[in-house]
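An overview of the molecular structure
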Amino acid sequence: MNKGVVLIDADDTSITVTWPEIGKSSSSSNPTKYTLQYRAAMSPNDNGMDSGGQLTYHSLSTELATNTARKRNLTGAGHGFFFRVSATTKSQTRVDKSAMDYMGHAYRRPFTVLTMMEQSQRMPPPIAKIDSSAASPQPNSYVAHISWQPSAEPLLVGYKLQMRESNGTSSWSTVANCLSGTEVRKKNLTSSSGYMFRVRPVLQGETGGSEENLVASVNEGGNVIPYSSVSDVVGARSSSKSSSSSASGSEGLIKLFKRLPDSKLLAKGGMRSVSLNEAFNKVDLVFFYASAHWCGPCRRYTPQLIKFYNDAKAMYAKAPGRTTKIEIVFVSADHDGNGFRSYYASMPWLAVPFDADTREILLSWMKVKGIPQLMCLDGRTGKIYETNGVGRALDLARFSRYIGRDKSSIR
């Protein structure tokens, strides 16, 4: 198995990659962070080698806490893109390391995005779930149920299904070449990292495709329709630290944070991270704050929200048994990581990492059409009490009434 950066998914404007863990730290308080860079391929013969360090790479991040990342807004490179990664050093802003300090592609081929036409042909991602009703023949294994929407292609013959283990080294492998139905059970799954799945229609008269092309694309080539986007990871087993979600009583809320790397949010302006269970332990109300540094109304509203947050925290510290406990999560609508980091540095609350898919998932779930937006939710169930409190009084007593009590004042 080749060691290096591996392609997980791609569409017409983005590429998602993963890589083996590098210099993993055993200290949870000081986890390994990664520097990820990319560049456009220079020609059809470009194999990604840059021993002389002459080619210009662009830094995506120097603070990635997980070994998976998605680069968006990729356009204008007909020959594809190369990525490279290294463990972040103390000099996090330096980009002049030797090319030998970076890990490149596992296979010396650039990753390519799809055309708009190819993207429009893709099926929706399959739905993968653990099937607890089915017994797996192999001890200590589990069964996944995978289903997908039927394709409307007129020349449809069946469906090709692939899977990969959700780690930094595994490539895609084929489960079945031509399934007649729209669901299947996969037995004997054992990985604690879990698995992801993707599917494509098999059409009559397919020619020119090869699985060898899948190391660099989600399309086998020829007149073959590309694979769907990937399913959510199924079967991942939480560590002992994060397995006690019931202790926090916030299971309903935590379910909203799909695909959050390591199930951790940023805290202290990005200086540290906290687990979801720690973040929402015994929290009564949670606010999702959609905002961005480039937005004038946001910059005027944020200081008001900071005062509300600090006052509420101070009141709870004085009388935790008689005061509503709140938490705020920043869901950035910034256009780039630098804007996010400079803006979040001024905030005292939590944040979804900018590079996490969770951020865009939450923005979509919140149905953000304008910012700032302040959504109020139940800290345990995730029930929405207000879709947008901007423009209304930042009054803890008013919010507390949603949970059937007014514990906002100290007497």
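The present account deals with the structure reproduced in this document. What you see is a predicted model, and the numbers here were worked out from it, not measured in a lab. (Residues numbered from 1 in each chain as written. Predicted model: local features only at pLDDT ≥ 70, side-chain atom pairs only at ≥ 80, totals over all residues. Heavy atoms only, no water.)

1. Focus on unusual backbone geometry
The line we're drawing: Numbering goes from the N terminus for both helices and strands, where a helix is a DSSP run of H or I of at least four residues and a strand is a run of E of at least two.
A cis amide bond, omega 5°, links I371 with the succeeding residue P372. Within the element layout of this structure, P372 appears in the loop between α7 (357-365) and β18 (373-378). Here K268, not a glycine, exhibits a phi torsion of approximately 55°, which is positive. Looking at the secondary structure, you find K268 in the loop between β13 (264-267) and β14 (272-275).

2. A few points about the side chain of D357
Quick note on the threshold: Residue burial is assigned from relative accessible area. The probe radius is 1.4 Å, only protein chains are included, and a residue is buried under 20% of its type maximum, exposed over 50%, and partly exposed in between. Contact criterion: two residues are considered in contact whenever any of their non-hydrogen atoms come within 4.5 Å of each other.
By the secondary structure assignment, D357 is in helix α7. Residue D357 is classed as buried on the basis of its relative accessible area, which comes to 19%. Excluding anything up to four places from it in sequence, D357 contacts R70, R72 and R259.

3. Examining the nonpolar core
The following threshold applies: Residue types Ala, Val, Leu, Ile, Met, Phe, Trp, Tyr and Cys, when buried and joined through side-chain atoms within 4.5 Å, form a set referred to as a nonpolar core.
Counting 55 residues, the largest nonpolar core has F257, L265, F280, F288, Y289 and W349 as its most contacted members. For this core, the element with the most residues is helix α5 (residues 296-318), which contributes seven residues. The next biggest cluster of nonpolar side chains, apart from the first, holds 20 residues, and it includes L36, L64, L74 and F111.

4. Notes on the pairing of strand β15 (residues 285-291)
What counts, and what does not: Two strands are counted as paired when DSSP detects at least two bridges linking them. Whether a crossover is right-handed depends on one test, that the path from the first strand over the helix to the second runs clockwise when the strands point away from the viewer.
Taken across its seven residues, β15 has seven buried, putting it largely inside the fold. Residues of β15 alternate between two faces, with L285, F287, Y289 and S291 on one and V286, F288 and A290 on the opposite face, all of them buried. Strand direction decides the pairing type here: β15 and strand β16 (residues 326-332), joined by seven bridges, are parallel. Bridge pairing in β16 links S291 to S332. Once the chain exits β15 it traverses α5 before rejoining the sheet at β16, and the crossover so formed is right-handed. Summarising the sheet, β15 and β18 pair through six bridges and their orientation is antiparallel. Residue pairing for β18: V286 is matched across the bridge by L377.

5. Details of the environment of M123
Turning to its location among the elements, M123 is positioned in the loop between α1 (116-121) and β7 (127-130). Classification of M123 by relative accessible area gives buried; the value is 8%. Distance from M123 to Y227, taken between C-alpha atoms, is 7.2 Å for residues 104 residues apart in sequence. Leaving out residues up to four positions away in the same chain, M123 has contacts with W148, Q149, S151, Y159, V199, R200, P201, S228 and S229.

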